[in-house]
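In case you want the letters, here they are:
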Amino acid sequence: MKRLIFATNNKHKVQEVRAALQGHVEVVSLSEAGLEGEIPETANTLQGNALQKAQWVWERTHTDCFADDTGLEVDALGGAPGVYSARYAGEHCSFNDNINKLLHALEGTSNRKADFRTVICLIENGEQHYFEGRVDGQILTERHGTEGFGYDPVFMPDRFAVSFAEMPLDVKNSISHRGLAVAKLKEYLEAQ
Ligand code: IMP
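What comes next concerns the included structure. (Residues numbered from 1 in each chain as written. Predicted model: local features only at pLDDT ≥ 70, side-chain atom pairs only at ≥ 80, totals over all residues. Heavy atoms only, no water.)

So, on to the site of the ligand. Around the ligand, the surrounding shell holds 16 residues, and the nearest of these are Lys13, Asp69, Asp152, Lys172 and Arg178. For the shell around the ligand, the secondary structure elements donating two or more residues are strand 3 (65-74) and helix 5 (177-190). Of the residues that constitute the shell around the ligand, the class distribution is five nonpolar, four polar and seven charged. (Near = heavy atom within 4 Å. Helix = DSSP H or I, 4+ residues; strand = E, 2+ residues; numbered from the N terminus. Nonpolar A, V, L, I, M, F, W, Y, C, P; charged D, E, K, R; others polar.)

Given below as structure tokens:
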């Protein structure tokens, strides 16, 4: 089975992506690969950050690897927080802080349209390949559900009446930004 190092320290993401690629790819976490340290994420695009993270692993291991970068793009905020979604409420802020700031910024706003966009950068034999996934939805006015992570409790995808945090992981994976990007990665790997 093909082995790929996933350049993330986020356990939720490893779990999600491992489930999606089960039986096709052995997804190795950074700690399993013996890699420690803070991966730089200083680009100002999702693609740039995904490349930066994957390159960090490639330079240290010369092993095929991939990284993803995701942004929540809110229509009424001109696409913010976008590439800055993780640190929207400041350095070292929590998921809760980010949600509070977002709900506050959208108070009294009827346009709640938003999307999540993920870009994956795969480095295979030193060559870069990109895969993108996007899901459209709405920002709710309050939190719903306890599953998932990040902005999940306040994001309701189109054609659903529940938030991401109210969905079982396999349902979220089948429609989510990262799920769609990972499906494209899987399709690419299967075609080899
Ligand atoms: P990252 O660049 O993929 O780590 O994502 C940046 C930020 O976007 C994360 O810190 C989360 O706040 C948010 N995010 C990414 N993916 C999801 C998701 O599936 N649900 C909710 N929030 C997410």
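Here the bond from Ala80 into Pro81 is cis, since omega is -5°, no more than 30 degrees from zero. Inspection of the secondary structure assignment puts Pro81 in strand 4 (residues 81-82). With phi around 50°, His62 is a residue other than glycine that occupies positive phi space. Its place among the elements puts His62 in the loop between helix 2 (46-61) and strand 3. Looking at His62, the relative accessible area reads 55%, which means it is exposed. Phi at Arg159 takes a positive value of approximately 70°, unusual for a residue other than glycine. (Buried < 20%, exposed > 50% of the residue type's maximum accessible area, 1.4 Å probe, protein only.)

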